[in-house]
Amino acid sequence: MGLDAVRTFVAVAEAGQFQEAAAELAVTQQAVSKRVAALERNLGVRLFTRTPRGARLTIDGQAFLPHARELLRVADRAAASVRTGRRPLRVDVIASRVAASGLMRGFHRAHPDIDLDVVMLFDIDTAVAALRSGAIDATFRAVAVPGRPLPEDIESVRVLDEPLQLLTGPAHALAGARSVPLARLAGHRIWMPGIVPGTEWAAYYDDLVAEFGLTIEATGPNFGSDALLDTIADTPALATFMGEQTRLVWPAGHGLRRIPVTDPTPVYPHSLLWHRDNPHPALTILRTHLATTAADHDAAGTWSPSWVLPAERAAAHGDRPVQRVSRTTQWST
């Protein structure tokens, strides 16, 4: 059953004449007759009774008409779902409480007329596969994990360097500090059960540990942020890292402290990734918006991992030299 035949049937039913339907569809009356006849043969019933005044629906035609209209509506929706500029921009933000989600909220406030679908994918491999298949238009990630460069058809640009903060309970030894030098954290237990081997954030913290001799524990099951906050509040020996823009709420009785880390300040390098051939017009608007709101990358006195893509760093800076605190060993990408 072809959509052209169904569309022709609906046009004849609404016009009541083959000639008027032909004019509406910009085809000949003969073509209309052939399409209707083919549809009747396919269905095994007569849809119209021909009269001197035109065409009148049979009982079977009356039964088929609402379904035919629904078929056409579904077909139109299916086409619109992939038509450039008419479907929502689909963006992966990893999780609802992290900085990327905040960036997209800011974009939505600035461009409320752009339809958005916000999704949450777990790891970079899944996100890149979704970019390449067209399932999403963009994703926020830290790139590129050592030994796993991005595919050549995936573009990226740094959009946010998010400072890390230390989160402690009220009885922790550093709870009273207004800020804490990164080197002073050596010997303290930093508990992060959400670190999963193979993810880009695991690579980031591996690099941080190797650079500054920290102790990060990822032991125990990950019951989510609420359980993490409860444990940190009740355990003086434990602290955890969180991004400056991570949005968390905890009971007032927890007495948790968010303490800036300095000398140098470790920053998590958020990047926007997209497929080189993606034509969605809102993607360009998103990139422009993020470029106007992006903070300075690799500023003096900050630390970011040595595996940030050199080409991406140059693009973010307009090929300007950068100052950064990092070890000299570089992974090839």
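Residues numbered from 1 in each chain as written. Predicted model: local features only at pLDDT ≥ 70, side-chain atom pairs only at ≥ 80, totals over all residues. Heavy atoms only, no water.

### Observations concerning the nonpolar core
Definition in use: Buried residues of nine kinds, namely Ala, Val, Leu, Ile, Met, Phe, Trp, Tyr and Cys, make up a nonpolar core once their side-chain atoms join them within 4.5 Å. Exposure classes here rest on a 1.4 Å probe applied to the protein chains alone. A residue is buried below 20% of its type maximum, exposed above 50%, and partly exposed in between. Counting from the N terminus, the helices are the DSSP runs of H or I reaching at least four residues and the strands are the DSSP runs of E reaching at least two. Pairs of residues are marked as contacts when any of their non-hydrogen atoms sit within 4.5 Å.
Within the largest apolar cluster, 25 residues are counted, with the highest numbers of intra-cluster contacts made by L166, L185, Y205, L208 and F241. Elements that contribute at least two residues to this core include exactly β6 (154–168), α7 (200–212), β10 (238–243) and β11 (257–262). The element best represented in this core is α7, accounting for 7 residues. Contact partners of L166, with chain neighbours within four places excluded, come to L174, V180, L185, A239, T240, F241, R257, R258, I259 and V261. Residues F9, V12, L57 and A68 belong to the second largest nonpolar core, which totals 20 residues.

### Details of the packing of helix α1 (residues 3–15) against helix α2 (residues 18–25)
Note the threshold: Fitted lines through C-alpha atoms give the axes, limited to the stretch in contact for helices. The angle between two N-to-C directions lies from 0 to 180 degrees. In this scheme, roughly parallel covers angles under 35 degrees and roughly antiparallel covers those over 145, while 65 to 115 is roughly perpendicular and the rest are oblique. The handedness criterion is simple: a crossing whose near helix is rotated anticlockwise from the far helix by less than a right angle is left-handed, and one whose near helix is rotated clockwise is right-handed.
In contact at an axis separation of 8 Å, α1 and α2 are set at 125° when each is read in the N-to-C sense. Relative to α2, the element α1 is oriented oblique. Here α1 runs over α2; the crossing is right-handed. Taken together, the residues of α2 that come into contact with α1 (itself represented by T8, A11, V12 and A15) are F18, E20, A21, E24 and L25.

### Thoughts on the pairing of strand β1 (residues 48–51)
Defined as follows: Strands qualify as paired when DSSP identifies two bridges or more between them.
With 4 bridges connecting them, β1 and strand β2 (residues 54–57) associate as antiparallel partners. Looking across to β2, one finds that T49 is bridged to R56.

### Looking at the pairing of β6
Burial within β6 is extensive, with 12 of its 15 residues counted as buried. Relative to strand β12 (residues 265–275), β6 runs antiparallel, the two sharing 9 bridges. Bridge pairing links S156 to L273 in β12. Across 5 bridges, the pairing between β6 and β10 is antiparallel. Looking across to β10, one finds that L167 is bridged to T240. Bridge analysis of β6 against β11 gives 4 bridges, and the strand direction is antiparallel. Looking across to β11, one finds that T168 is bridged to R257.

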